[in-house]
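Spelled out from the first residue to the last, the chains are:
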Amino acid sequence: MRAVAAEVLAGEPDHRRELFDVRLTKWWPDLWEGLAELYPAAQADDLGRRLVTSAASAFARREPELQHLDLVRTLSPDWFQSQSMLGYAAYAERFAGNLAGVAGRIDYLHELGVTYLHLMPLLTPRQGDSDGGYAVADYRSVRSDLGTTEDLRALAGQLRRAGISLVLDLVLNHVAREHEWAVKARQGDPKYRDYFYVFADRDQVDAFEATLPEVFPDFAPGNFTWDDELQGWVWTTFNEFQWDVNWSNPDVLFEYADIVLFLAGLGVEVLRMDAIAFMWKRLDTNSQNQPEVHAIARTLRALARIACPALAFKAEAIVAPQDLVQYLGQGRHYGKVSDIAYHNSLMVQLWSMLAAGDVRLAVEALRGLPPVPPTTSWVTYVRCHDDIGWAIDDTDAWRSGLNGWDHRRFLSDFYSGEYPGTPARGLVFQSNPATGDRRISGTTASLVGLEAALAAGDGAAVDTAIARISLSHALIMGWGGIPVIWSGDELAQLNDPAWATEPGHEADNRWAHRPRLDWELARRRREPYSVQQRVFDALAHLQRIRATLPQFHASVPPRITEVYDTAVLPVLREHPLGPLLGLYNVSDSWRPYPREALAALGLDGGVDRVSGEPLSWGDDGDLWLSPYGFRWISAR
């Protein structure tokens, strides 16, 4: 493969050729092992040559500023694990109108402490319903209402120079029916027909359907769609206009590898691998979390390490807890798959704790996760653009004294406002009577009770809701990794009451929690004692403190210590510079934590880093946490 690269790089200076050769020597084994797991030897060898050629070409085209970033990131490969990392996620148009508008709001992001900006799908989608942009019609152009590809390149540079990494979605499981590959397939080109799963025989379809769940049972039942032009059933896991691509075809992997290199060349620093769990299909399974998925991710990551090592990969794997850690690498793929993965289980358990006022289920679920490679990082979040699905394991529930089915039903009732006395004002998304699945839509503020409190004019309830918002974000920041704030949550924005009035949104109530950022509301963050000021300043303060504490580096694993009170979650982070204990009270009452437990860690003379004050003790000698209160405790 060195000869292949040498031919492409013949016109490059000696030091550049040497650099590529060193990288290729280092990462070729990872790339090859991924290919060898996916394809027969002859196909793997041919594809390897093509990938090295593409990597060398991308390396030669790399802009000087990005070459410098590659060097910096090679010397600091833990950049995305730093405790200074804070993410922000938004739709560009709903945050600031277009890409130029986003650039104009960099100061706002700095004020919050953001170092990582995830802009939701902005590559050209199909017209009409595009599943929020996840039905991509062209991976190499930008939505015309947002700007151009050059505008995206310019924004990436402006963000980079401001210390903010640009994160974009790469939809890997499917393309829009209008994508060039699908158009050519419908025109009868056999090469592109093989880019998809197409079955002429309904019996084959039924054989797969027997073990496949439905993702959107309300508006996209089943997993296959008949196409008259194809004269066959095409695999459509999500919607009839989103065609699943066939990764068992090596040409598909090559196409996506080239897209990865193209986006990295624009200055994208993190690629969110959308729907990664669904990429490989296998009869008699649910066609999720198949081993080949991890081999694909390993191959793409190795390719980037060779051509553009400043690029990191983030796995969007919203899967059962027992499958989650695999996306950061286990076994032969340990530390070689994704650099970053969503901690969906933490998000689910956070909402469960707030509803139940009890940490025992969370303790079972979170303790049960295997350790992750120390070179990787979780993305932690209170919520995201998607609905909240109750990925709660029945065994975890049983061990904590709960019935899994009943608890999932309770959570759906609680957050949809159906449970007696609940303050939450969420919406049920995709109710499935057959499975009992009822997912939830809603902004953080509406789900924690702020919407109900404001409507009732109840000041005490407003205070409680703000405390829940602060606690929730303290937990995701205190877990380690990259905490991500969803746009509007820093201002306590409520559900959008007009979510269904926009064309194409009326059937999808997730748009209720994707409101346009209200810049009039944002100005109120400067108004003393306003809800916006209290929430924005609380989150910005937490990040300023967090950035100073090396215990929050993602390589330091969190450990849940002994639980002394069922409403207090104790999370310990042990660092050579000393331990840090996070305590989180998920209840509406004052709760104690024993002084003896702090003394055993050498922290009874410690400081609460959130307030900056030494610890104080109750009359009984214990440390007391206020309702929905929290502490980050370390030695003085």
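Below is a summary of the structure that appears in this document. Note that the structure is predicted; figures quoted are calculated from it, not measured.

Thresholds applied
Residues numbered from 1 in each chain as written. Predicted model: local features only at pLDDT ≥ 70, side-chain atom pairs only at ≥ 80, totals over all residues. Heavy atoms only, no water. Helix = DSSP H or I, 4+ residues; strand = E, 2+ residues; numbered from the N terminus. Buried < 20%, exposed > 50% of the residue type's maximum accessible area, 1.4 Å probe, protein only. Contact = heavy atoms within 4.5 Å. Areas by Shrake-Rupley, 256 points an atom, 1.4 Å probe, with all protein chains shown as cover. Lys, Arg positive; Asp, Glu negative; His and termini not counted. Charge placed at Lys NZ, Arg CZ, Asp CG, Glu CD. Pairing = 2+ DSSP bridges. Polar contact = N/O pair within 3.5 Å; in protein donor to acceptor, adjacent residues only side chain to side chain. 1 Å grid on protein atoms, 1.4 Å probe; cavity = no way out; pocket = protein on both sides within 12 Å on 5 of 7 lines; lining within 4 Å. Points joined across faces, edges and corners; volume = space filled by probe spheres on them. Nonpolar A, V, L, I, M, F, W, Y, C, P; charged D, E, K, R; others polar. Salt bridge = Lys/Arg side-chain N within 4 Å of Asp/Glu carboxyl O. Axes fitted to C-alpha atoms, helices over the stretch in contact; angles between N-to-C directions. Parallel < 35°, antiparallel > 145°, perpendicular 65-115°, else oblique. Left-handed = near helix turned anticlockwise from the far one by under 90°. Expected span 1.5 Å × (residues − 1).

Moving on, we get to the overall build of the chain. Helix and strand counts for the chain come out as 24 helices and 25 strands. Dimensions along the principal axes, computed over C-alpha positions, put the chain at roughly 75 × 55 × 50 Å. For the chain, the proportion of its 636 residues judged to be buried stands at 61%. The contacts of the chain with a sequence gap of at least 6 include a subset with a gap of at least 24, amounting to 71%. When the accessible surface of the chain is split by element, carbon and sulfur atoms take 51% of a total near 23,600 Å². Here the chain carries 60 positive and 84 negative side-chain charges, and the mean point of each set is 5 Å from the other.

The next thing to look at is unusual backbone geometry. If a residue is not glycine, its phi is most likely negative; likewise, a peptide bond is most likely trans. The backbone of Asp284 sits at a positive phi, close to 65°, despite the residue not being glycine. Positionally, Asp284 belongs in the loop between β11 (270–274) and α13 (291–307). Of the residues examined, Asp284 reaches a relative accessible area of 61% and is grouped as exposed.

What follows covers the sheet that holds strand β8 (residues 224–227). With antiparallel pairing, three strands are arranged side by side in an open sheet as β7-β9-β8. Single-partner strands in this sheet number two, and they are β7 (198–199) and β8. Across four bridges, β8 lies against strand β9 (residues 232–235) in antiparallel orientation. Counterpart to Phe224 in the pairing with β9 is Trp235.

Next up on the list: the pairing of strand β19 (residues 568–573). Taking burial as the measure, the six residues of β19 include six buried ones, the bulk of the element. Neither face of β19 is left uncovered, since the one carrying Val568, Pro570 and Leu572 and the one carrying Leu569, Val571 and Arg573 both have all their residues buried. Inspection of the sheet shows strand β18 (residues 558–560) paired to β19 by three bridges, in the antiparallel sense. Note that in β19 the partner of Pro558 across the bridge is Arg573. Looking at chain direction, β19 and strand β20 (residues 580–585) are connected through six bridges and run antiparallel. Across the sheet, the residue bridging to Val571 is Gly582, located in β20. Turn length for the β19-β20 hairpin, with the two strands adjacent in sequence and antiparallel, is six residues, and the turn residue Gly578 shows positive phi of about 125°.

Positionally, Ser487 belongs in the loop between β17 (482–486) and α22 (519–523). On the basis of relative accessible area, Ser487 is assigned to the buried category, the value being 5%. At 2.9 Å, the side chain of Ser487 forms a polar contact with the side chain of Tyr88. Sequence-distant contacts of Ser487, defined by excluding residues within four places in its chain, comprise Tyr88, Ala89, Ala90, Phe95, Arg383 and Leu517.

Before going further, it helps to spend a moment on empty space enclosed by the protein. The final tally for this structure, using the stated rule, is five cavities of 30 Å³ or more. Reported here for the largest cavity is a volume of approximately 100 Å³. Of the residues contributing to the lining of the largest cavity, the split by class is nine nonpolar, two polar and three charged. Taken together, the residues that form the lining of the second largest cavity break down as five nonpolar, five polar and one charged.

Here we come to the pattern of salt bridges. Throughout the structure, instances matching the rule amount to 52 salt bridges. The residue Arg360 makes a salt bridge to Asp358 at a minimum N-O spacing of 2.5 Å. Assessed through its relative accessible area of 44%, Arg360 is described here as partly exposed. Judged by its relative accessible area of 18%, Asp358 falls in the buried class. Several salt bridges share partner residues, and in doing so they unite Asp30, Glu33, Arg298 and Lys336 into one network.

With respect to the helices, strands and loops of the structure, Arg468 is situated in helix α21 (residues 459–479). In this structure, the C-alpha to C-alpha distance between Arg468 and Gly449, residues 19 residues apart in sequence, is 8.8 Å. The contacts of Arg468, once residues within four sequence positions are left out, are Pro423, Val448 and Tyr628. In this structure the side chain of Arg468 is engaged in a polar contact, spanning 3.3 Å, whose partner is the side chain of Tyr628.

Before going further, it helps to spend a moment on the packing of helix α3 (residues 41–61) against helix α12 (residues 250–266). One way to put it is that α3 packs onto α12 with a least axis distance of 10 Å and a crossing angle of 15°. On the basis of their axis angle, the class for α3 and α12 is roughly parallel. Regarding α3 and α12, the two cross each other, and that crossing is right-handed. Between α3 and α12, the residues in contact are Gln43, Leu47, Arg50, Leu51, Ser54, Ala55 and Ala58 and Pro250, Asp251, Leu253, Phe254, Ala257, Asp258 and Leu261, respectively.

It is at 10 Å that the axes of α21 and helix α23 (residues 531–546) come closest, and there the two elements cross at 20°. By the angle class used here, α21 and α23 are roughly parallel. Judged by the sense of rotation from one axis to the other, the crossing of α21 with α23 is right-handed. Residues Val462, Asp463, Ile466, Ile469, Ser470, His473, Ala474 and Met477 of α21 touch α23, and the partners they reach there are Val531, Arg534, Val535, Ala538, Leu539, Leu542, Gln543 and Arg546. Split by residue class, the contact of α21 with α23 holds ten nonpolar, three polar and three charged.

Bringing the side chain of Asn289 into the picture now. Its location among the elements puts Asn289 in the loop between β11 and α13. Within the structure, Asn289 has its side chain in polar contact with the side chain of Asp323 (distance 3.3 Å). Setting aside residues up to four positions removed in sequence, Asn289 forms contacts with Ala277, Val319, Asp323 and Tyr327.

The strand order β1-β2-β5-β11-β12-β13-β14-β17 describes a closed barrel built from eight strands, whose pairing is parallel. Neighbour-to-neighbour, the strand axes of the sheet open up by a mean angle of 25°, direction not taken into account.

This next bit is on helix α2 (residues 14–38). Look at α2: 35 Å from first C-alpha to last across 25 residues, which is about the 36 Å you get at 1.5 Å a residue. Structurally, α2 contributes buried residues whose contacts are with α1 (2–8), α3, α4 (64–75), α12 and α13.

Remember that the coordinates give geometry; whether it matters functionally is a separate question.
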